[in-house]
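Chain residues, written in single-letter form:
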Amino acid sequence: MQGSSLTNNHSFLFSILLATMIWSQLPRQSRAKKDWDLTTMDPNVTLGWGPKEVYPFSIDYALKQCKIVPMIIDKSPKHLLEVLYEDETIVDLGVYLRPDDMLFEPKMITWPDGGEYYYTLIIADADFPARVDYSDSQYLLFMVVNAHNGTWKEEDVIVPYIGPEPDLDSGLHRVLHVLYRQPKKLQFDEPRLDENRNNSRRQNFVVRKFTKKYNLGQPHAINFFFVENWDFVDTEPSDLALSGLQAMENSMDLFDEIQMRLENGEEFEDDEEEFK
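What you see is a predicted model; the values in this text were computed from it and never measured. (Residues numbered from 1 in each chain as written. Predicted model: local features only at pLDDT ≥ 70, side-chain atom pairs only at ≥ 80, totals over all residues. Heavy atoms only, no water.)

(A) Local environment of the overall build of the protein. Each helix and strand in the protein was counted, giving eight helices and 10 strands. Among the 276 residues that make up the protein, the fraction classed as buried is 47%. By sequence separation, contacts in the protein at least 24 residues apart represent 75% of the contacts at least 6 residues apart. (Helix = DSSP H or I, 4+ residues; strand = E, 2+ residues; numbered from the N terminus. Buried < 20%, exposed > 50% of the residue type's maximum accessible area, 1.4 Å probe, protein only. Contact = heavy atoms within 4.5 Å.)

Quick look at the structure:
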């Protein structure tokens, strides 16, 4: 009983110190922001997963935790849409990025494709004009239709790309990259827009309504990031996600080491020093 009590005490102490260590290693900016918890959203989702390591359950978990399912789409796709912006900025399932990271159209977008299908690609801000509004509509940043073999023609661009520009202090915005597999090559009767940000068709776009109109079904692949306009952004792009992941990895390594030492009967004379 005494040995069990000692192990339980160590486990309890470890849990507290583990949480403290993760918290201390997260960037100061992420801890300072008032709405980092995203109300009911799990803040850990914004740490992101590496594109090559994502499995369907991780995609589903991220989309549901961030309320993309069921607010924007009904069902999570099985595939990850791999998106690369300028300066090697990677979209990474909830990674935190800055508006400057995506001023220009993505330079690479890839998805699982057998080559015989046509696709519709939509990039949209799900939280325009601000998260607190919880509008049913999204702000359309980019739309291309009839994409084939991973490419598209200029005439297939219905809505030219403009980067997200959230208003100052409007909170975190979820920017979605959603790919739909079309039943066939389609004729779209949507008006072709210019780069005017104030166009009402950009501001009042509804993903669910559009996909229903053209019978596109559920998404084939997806990815998303968080973006925000706030008044201190001196962190390098993607630092919030990368440092958070590193903190988690370091913590798990420490956990394995301590568990092994406890199982071997080793006692800690000075717990505070052991966990530094």
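(B) A look at the side chain of Gln 138. Relative to the helices and strands, Gln 138 is located in the loop between strand S6 (118–125) and strand S7 (139–148). Side-chain polar atoms of Gln 138 contact the backbone nitrogen of Val 207, separated by 2.8 Å. Sequence-distant contacts of Gln 138, that is, excluding residues within four places in its chain, are made with Ile 72, Ala 124, Asp 125, Ala 126, Arg 202, Gln 203, Asn 204, Phe 205, Val 206 and Val 207. (Polar contact = N/O pair within 3.5 Å; in protein donor to acceptor, adjacent residues only side chain to side chain.)

(C) The pattern of salt bridges, seen in detail. Taken as a whole and assessed by the stated rule, the structure comprises seven salt bridges. Salt-bridge contacts for Asp 60 lead to Lys 64; the nearest nitrogen and oxygen are separated by 3.2 Å. In this pair, Asp 60 and Lys 64 are both assigned in helix H3 (residues 56–65), four residues apart and thus about one turn of the helix distant. The exposure class of Asp 60 is partly exposed, given its relative accessible area of 25%. Residue Lys 64 is classed as partly exposed on the basis of its relative accessible area of 43%. One salt bridge connects Lys 213 with Glu 190, and the closest N-O pair in it is separated by 2.7 Å. (Salt bridge = Lys/Arg side-chain N within 4 Å of Asp/Glu carboxyl O.)

(D) Up close: the pairing of strand S9 (residues 173–181). Extensive coverage of S9 is indicated by the burial of eight of its nine residues. Pairing of S6 with S9, which is carried by seven bridges, proceeds in the antiparallel orientation. Each bridged residue has a counterpart across the sheet, and for Thr 120 the counterpart in S9 is Tyr 180. (Pairing = 2+ DSSP bridges.)

(E) Representation of the nonpolar core within the structure. Residues Leu 63, Ile 68, Ile 73, Ile 122, Met 143, Phe 210 and Phe 224 are the most contacted members of the largest nonpolar core, which totals 34 residues. Where this core is concerned, the elements lending two or more residues are H3, helix H4 (68–71), S6, S7, strand S8 (157–159), S9, helix H6 (207–213) and strand S10 (221–227). Residues within four places of Ile 73 in sequence aside, it is in contact with Leu 63, Ile 68, Tyr 180, Val 207, Arg 208, Pro 219 and Ile 222. Grouped together as the second largest cluster of nonpolar side chains are 24 residues, Tyr 85, Val 91, Leu 141 and Val 144 included. (Core = buried A, V, L, I, M, F, W, Y, C linked by side-chain atoms within 4.5 Å.)

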